[in-house]
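The primary structure of each chain is shown beneath.
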Amino acid sequence: MINPVALTIGPLSIRWYGVIMAVAFATAITLAYRRAKRNNINPDHILNMAVLIIPAAIIGARLYYVIFSWDLYRGNPLSALAIWHGGLAIHGGILGGLLAGFFYVRRHNLSPWLIADIAAPSLILGQAIGRWGNFINQEAHGGIVSEQFISHFPAFIKNQMFIDGNYYHPAFLYESFWDLIVFLLLYFYWPHKKATGEVAFLYLILYSAGRFCVESIRTDSLMLGPLKMAQVVSLLLMIIGLTGILLLRRGGKKKETRIGVSKKQ
């Protein structure tokens with residue numbers, strides 16, 4: 001098992017989970033910063049938004065997780081503050097970050113759809129990196145598997161997935177790999193997008209499709225009655241994404257039609 005503590009300085013322990021999350025945020029911000037410059041947006045806006053979005057995303061992710069796992073914290077509510085032990089729900093983080101980002105965009109009169117397009121590839125790349133924090137904490141895994149099955153993976157993954165006498169599906173790895181694929185698709189699709197906002201909606205569709213599948217094998221899912229909350233939200237986000245792309249493209253066609261008519265006149 002990998003020691004979850006990366007470094008100890010006196011009484012201060014720096015955990016790998018926090019280090020990995022910091023790397024995820026830094027990578028996402030750097031990518032968005034460069035994309036903003038290419039699209040004639042002052043990249044300082046990215047840094048300023050990050051100051052708001054990062055804490056909002058962490059708070060949203062933790063609140064979401066605690067709300068749907070309240071039985072774990074009922075006896076000791078203060079333990080809900082110990083985010084270094086894991087327990088951040090990405091859907092809550094997206095919601096918290098979205099609210100903070102929308103506040104900033106409205107206040108500074110920026111294009112919300114363009115900012116969303118810039119943020120989408122950065123967000124999914126950050127998610128791909130962040131899943132390795134779950135790996136260190138031995139969470140976000142799937143059900144029990146045989147040693148023969150897990151032996152197909154590198155030894156360090158096999159060893160870390162040995163928990164309480166059993167081997168488990170490295171579900172974190174499946175999602176991280178899928179997120180990386182989605183990042184590449186969004187990154188290379190950007191020059192071919194037909195409308196501003198399309199990349200963001202495509203992110204919702206692709207990420208949610210992968211998350212829905214991975215969630216089916218996870219054993220630590222947040223539940224909404226008999227339903228897995230992440231699957232419910234994923235379905236909703238896919239519908240929003242598909243609807244959004246259809247509306248954007250329909251709006252673009254109407255605009256082209258109006259331009260064509262005015263030229264003929």
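Our subject is the structure listed above.
Reference entry: report on the structure contained in this document.

### Section: the side chain of Gln160
Looking at the element boundaries, Gln160 is found in helix H7 (residues 155-160). A distance of 3.3 Å separates a polar atom in the side chain of Gln160 from the backbone oxygen of Phe135. At 2.9 Å, the side chain of Gln160 forms a polar contact with the backbone oxygen of Ile136. Contact partners of Gln160, with chain neighbours within four places excluded, come to Met1, Ile2, Phe135, Ile136 and Gln138.

### Regarding the sheet that holds strand E4 (residues 162-163)
Note: strands within a sheet are paired through backbone hydrogen bonds, in either parallel or antiparallel orientation. As summarised here, the arrangement of the three strands in space is E3-E5-E4, forming an open sheet in which the pairing is antiparallel. The sheet is open, and its two edges are formed by strand E3 (144-145) and E4, each paired on a single side. Inspection of the sheet shows E3 paired to strand E5 (residues 166-168) by two bridges, in the antiparallel sense. Bridging from a neighbouring strand, Val145 pairs with Tyr167 of E5.

### What about the packing of aromatic side chains?
Scanning all chains against the criterion turns up 13 aromatic pairs. With 6.4 Å between their ring centres and 20 degrees between their planes, Trp132 and Phe156 make a pair best called stacked. Taken together, the residues span a long stretch of sequence, with Trp132 in helix H5 (residues 112-136) and Phe156 in helix H7 at a distance of 24 residues. A ring pair is formed by Tyr203 and Tyr207, whose centres lie 5.8 Å apart and whose planes are at 5 degrees; its orientation type is stacked. With Tyr203 and Tyr207 both in helix H9 (residues 198-215), this residue pair falls four residues apart, about one helical turn. Through a chain of ring-to-ring contacts, the aromatic side chains of Trp132, Phe135, Phe156 and Phe172 assemble into a single cluster. Lying over the aromatic face of Trp190, Arg35 brings its terminal NZ or CZ to 4.3 Å of the ring centre.

### Brief notes about the pairing of strand E1 (residues 5-9)
Pairing of E1 with strand E2 (residues 12-15) involves four bridges; the strand directions are antiparallel. Considered in E2, the bridge of Ile9 is made with Leu12. Here E1 hands over to E2 after two residues, with Gly10 in that stretch at a positive phi of 60 degrees.

### Considerations on helix H1 (residues 16-38)
With 23 residues, H1 should cover 33 Å at 1.5 Å per step; its first-to-last C-alpha distance of 33 Å lies within 8% of that length. For H1, the set of buried residues is Tyr17, Ile20, Ala24, Ala28, Leu31, Ala32, Arg35 and Ala36. Where H1 is buried, its residues touch E2, helix H2 (44-68), H5 and helix H8 (171-189). Looking one or two residues past H1, Asn40 carries a phi angle of roughly 60 degrees, positive in sign.

### Topic: the pattern of salt bridges
Scanning the entire structure with this criterion turns up eight salt bridges. A salt bridge links Glu175 to Arg131; the shortest N-O distance between them is 3.2 Å. You can see Glu175 sitting in helix H8 and its partner Arg131 sitting in helix H5, a full 44 residues away along the chain. A relative accessible area of 9% places Arg131 in the buried class. Put simply, Glu215 and Arg218 hold a salt bridge, and the shortest N to O gap is 3.9 Å. The network of salt bridges with common partners includes Arg131, Glu175, Arg211, Glu215, Arg218 and Asp220.

What counts, and where the lines are drawn
Residues numbered from 1 in each chain as written. Predicted model: local features only at pLDDT ≥ 70, side-chain atom pairs only at ≥ 80, totals over all residues. Heavy atoms only, no water. Helix = DSSP H or I, 4+ residues; strand = E, 2+ residues; numbered from the N terminus. Polar contact = N/O pair within 3.5 Å; in protein donor to acceptor, adjacent residues only side chain to side chain. Contact = heavy atoms within 4.5 Å. Pairing = 2+ DSSP bridges. Phe/Tyr/Trp six-rings, centres within 6.5 Å; stacked < 30°, edge-to-face > 60°. Lys NZ or Arg CZ within 6 Å of the ring centre and 35° of its normal. Expected span 1.5 Å × (residues − 1). Buried < 20%, exposed > 50% of the residue type's maximum accessible area, 1.4 Å probe, protein only. Salt bridge = Lys/Arg side-chain N within 4 Å of Asp/Glu carboxyl O.

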